[in-house]
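Working through the structure, step by step
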Amino acid sequence: MTSTSQAAGRVADGHDNIALTNGQAVEQYNLRFVQRFSRIPLDEAATAWARVGIVVRGELAVTVEGVTKSMTAEHDVFVAPPGAGFSVTNTSAEETVLLEIKRNKPGESYPAPSGYFLEPLESRKFVGMDVTFFLADWIELMLANIPAGGEMPYHKHAHEQIGTCLEGRYEMTVEGSRHELLFGGTYFCASQEGHGAANPNTAVARSLNIFIPPRYHRVPKPASGQESE
């Protein structure tokens with residue numbers, strides 16, 4: 001099922017595919033369950049979209065423009081520019097879960113990194129959480145462990161933010177509306193929308209948070225006369 005919202009901030013529960021619309025910006029945020037020994041070919045209708053994805057359970061072979069990488073859970077990210085050839089293959093005997101965001105906004109550009117794949121940029125402590133960052137020119141991903149009793153204080157910023165619960169459960173508040181997120185539960189915050197997270201439970205919760213444009217790290221601008229990859 002795909003649901004669409006014209007509202008800026010929202011939270012969605014469950015394992016469904018989610019399409020989020022915010023003004024002219026269109027994002028499709030999908031949690032895809034790839035069956036064992038199966039292949040997902042390029043969706044021709046989506047070639048105008050930039051794609052970014054991370055495996056959250058299992059292992060997948062992902063090919064972007066002829067470059068193939070075996071992606072393991074929460075360790076690699078693919079960044080495919082609009083028009084790039086793309087396919088996903090699950091060669092294992094287990095179901096694999098892929099989280100993918102697609103974006104196509106007039107006036108934006110979506111350069112891909114050299115080789116189309118990202119490894120972790122940095123892991124550190126942040127407001128009591130263990131976090132890991134992945135960074136591309138136009139998007140940043142942050143994996144976060146929210147400890148029992150931990151929280152991300154309510155705040156707002158200019159960046160769009162999308163996130164999903166990957167493990168455990170935690171409470172997410174967007175513009176004063178609070179929801180408990182379980183695996184696959186997803187939230188979206190437009191620019192300058194207030195939001196925060198709290199884990200009142202006894203077990204660690206794990207989340208993926210995506211920022212457009214990058215929030216915590218900046219990609220250096222190329223020197224004059226050079227182009228970024």
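Just above, that's the structure.
Residues numbered from 1 in each chain as written. Predicted model: local features only at pLDDT ≥ 70, side-chain atom pairs only at ≥ 80, totals over all residues. Heavy atoms only, no water.

**Here's the deal with the environment of Glu-119**
Stated precisely, the cut-off is as follows: The way it works is that DSSP assigns letters per residue, a run of H or I at least four long becomes a helix, a run of E at least two long becomes a strand, and they are numbered from the N terminus. We call two residues contacting when some pair of their heavy atoms lies within 4.5 Å.
Tracing the sequence through the fold places Glu-119 in the loop between β12 (117-118) and β13 (122-126). In this structure, the C-alpha to C-alpha distance between Glu-119 and His-75, residues 44 residues apart in sequence, is 6.4 Å. Leave out the neighbours within four places in its chain, and Glu-119 touches Lys-69, His-75, Asp-76 and Phe-134.

**Some words on empty space enclosed by the protein**
Spelled out, the test is: The rule is simple: put a 1 Å grid over the protein atoms alone, call a set of points where a 1.4 Å probe fits but cannot get out a cavity, call an open set with protein on both sides within 12 Å along at least five of seven lines a pocket, and count a residue as lining if it has an atom within 4 Å of a point. Grid points are joined across faces, edges and corners, and a volume is the space filled by probe spheres set on the points. Residue type decides the class: Asp, Glu, Lys and Arg count as charged, Ala, Val, Leu, Ile, Met, Phe, Trp, Tyr, Cys and Pro as nonpolar, and the leftover types, Gly among them, as polar.
Within this structure, the stated rule accounts for 3 cavities of 30 Å³ or more. Space inside the largest cavity adds up to approximately 150 Å³. Lining the largest cavity are 19 residues, and of these Met-142, Met-152, Gln-161, Tyr-187 and Asn-209 sit closest to its centre. Of all elements in the fold, only β15 (140-146), β16 (151-155), β18 (170-174), β21 (195-198) and β22 (205-212) reach the threshold of two or more residues within the lining of the largest cavity. Taken together, the residues of the lining of the largest cavity break down into 11 nonpolar, 7 polar and 1 charged.

**Observations regarding the sheet that holds β21**
Sheet strands pair by backbone hydrogen bonding; their relative direction is either parallel or antiparallel. For clarity, the cut-off: Being paired, for any two strands, means DSSP has found at least two bridges between them. Each axis is a line fitted through C-alpha atoms, taken for helices only over the stretch in contact, and angles between the N-to-C directions span 0 to 180 degrees.
The antiparallel open sheet is built from 4 strands, whose spatial order is β16-β21-β18-β19. Edge positions in the sheet fall to β16 and β19 (177-181), since each of these pairs with one other strand and no more. Each strand of the sheet is rotated relative to its neighbour by a mean of 20°, with strand direction disregarded.

**Notes on the pattern of salt bridges**
We count it as follows: Basic side-chain nitrogens of Lys or Arg form a salt bridge, by our definition, when they fall within 4 Å of a carboxyl oxygen of Asp or Glu.
Counting across every chain of the model gives 10 salt bridges. Close ionic contact of Glu-100 with Arg-51 constitutes a salt bridge, the shortest N to O distance being 2.8 Å. Here the residue Glu-100 occupies a position in strand β11 (residues 96-103), and Arg-51 occupies one in strand β6 (residues 50-57), the gap between them amounting to 49 residues. In this structure, Arg-124 and Glu-122 form a salt bridge, with 3.2 Å as the shortest nitrogen-oxygen distance. One network of salt bridges, in which partners are shared, links Arg-32, Arg-51 and Glu-100.

**Overview of the nonpolar core**
Grouped burial of nonpolar side chains is what soluble globular proteins tend to show. This is how it is decided: Put simply, a nonpolar core is a bunch of buried Ala, Val, Leu, Ile, Met, Phe, Trp, Tyr and Cys residues held in one set by side-chain atoms that sit within 4.5 Å of each other. Accessible area is worked out with a 1.4 Å probe on protein chains only. A residue is then buried under 20% of its type maximum, exposed over 50%, and partly exposed in between.
Counting 27 residues, the largest nonpolar core has Ile-139 and Leu-208 as the members making the most contacts within it. Put simply, the parts of the chain that give this core at least two residues each are β4 (25-34), β6, β9 (77-80), β11, β15, β17 (160-167) and β22. Element by element, the count of residues in this core is highest for β6, at 4 residues. Excluding anything up to four places from it in sequence, Leu-208 contacts Tyr-29, Ile-54, Leu-99, Leu-141, Met-142, Leu-143, Ile-162, Gly-163, Thr-164 and Leu-166. Judged by nonpolar contacts, the second largest core, of 18 residues, contains Phe-126, Cys-165, Tyr-187 and Phe-211.

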